[in-house]
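# Structural characterization, general
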Amino acid sequence: MVLHMLYGMEQLPECAALLTSADTVIVMEPATVTIDSKTLSSLPCPAFWLKTAALTSPDDENLPRIDVAKWVELTSRHPHSMTWR
């Protein structure tokens, strides 16, 4: 169970290669919004956009948005986390 925090789209192929169904991906940064949400929704694990003032994701129901409180909850549920920059 790994929480993957994605800060850039160039790392997505490497990140996706390591994912299991027990993992979670969170898109963390505005620059990453250019990733096609259908690509993220096809991953083998849950994926979310982090809803912050700096990050406004497209209105796309394929990828749910979470707030900072949910992010903190996910960090406590996942024994490991990995940051992709």
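Residues numbered from 1 in each chain as written. Predicted model: local features only at pLDDT ≥ 70, side-chain atom pairs only at ≥ 80, totals over all residues. Heavy atoms only, no water.

A few words on the pattern of salt bridges. Under the counting rule described, the total for this entry stands at two salt bridges. Residues Glu73 and Arg77 are paired through a salt bridge, measuring 3.6 Å at the closest nitrogen-oxygen approach. Within this pair, Glu73 and its partner Arg77 are both found in helix H3 (residues 68–77), separated by four residues, close to a single helical turn. According to the relative accessible area criterion, Glu73 is partly exposed, its value standing at 36%. Relative accessible area serves as the criterion here: at 45%, Arg77 is assigned to the partly exposed category. Through salt bridges with shared partners, a single network forms among Lys70, Glu73 and Arg77. (Salt bridge = Lys/Arg side-chain N within 4 Å of Asp/Glu carboxyl O. Helix = DSSP H or I, 4+ residues; strand = E, 2+ residues; numbered from the N terminus. Buried < 20%, exposed > 50% of the residue type's maximum accessible area, 1.4 Å probe, protein only.)

What follows concerns the side chain of Thr24. Checked against the element boundaries, Thr24 lands in strand S2 (residues 24–27). In this structure Thr24 comes out as buried when scored by relative accessible area, which is 5%. Leave out the neighbours within four places in its chain, and Thr24 touches Val2, Leu3, His4, Cys45, Pro46, Phe48, Leu74 and His78. (Contact = heavy atoms within 4.5 Å.)

Let us look at the packing of aromatic side chains. Taken as a whole and assessed by the stated rule, the structure comprises zero aromatic pairs. Above the ring of Tyr7, the side-chain terminus of Arg85 is found at 4.1 Å from the ring centroid. (Phe/Tyr/Trp six-rings, centres within 6.5 Å; stacked < 30°, edge-to-face > 60°. Lys NZ or Arg CZ within 6 Å of the ring centre and 35° of its normal.)

All right, on to the environment of Lys70 then. Here Lys70 is to be found in helix H3. Assessed through its relative accessible area of 25%, Lys70 is described here as partly exposed. As a C-alpha pair, Lys70 and Leu50 span 20 residues in sequence and 9.0 Å in three-dimensional space.

Attention shifts here to the confidence of the model for the chain. Mean pLDDT over the chain works out to 85, with 80% of the residues at or above the 70 mark. Between the elements of the chain, mean pLDDT differs from a low of 78, seen in helix H2 (residues 37–41), to a high of 97, seen in strand S5 (residues 80–84). (pLDDT = per-residue confidence, 0-100.)

Moving on, we come to the sheet that holds S5. Ordered by their spatial adjacency, five strands build an open sheet running S4-S3-S2-S1-S5, and the pairing between neighbours is parallel. Only two strands of the sheet have a single partner each, and these edge strands are strand S4 (65–66) and S5. Here five bridges tie strand S1 (residues 2–6) to S5, and the two strands are oriented parallel to one another. By the bridge assignment for S5, Leu6 is matched with Trp84. (Pairing = 2+ DSSP bridges.)

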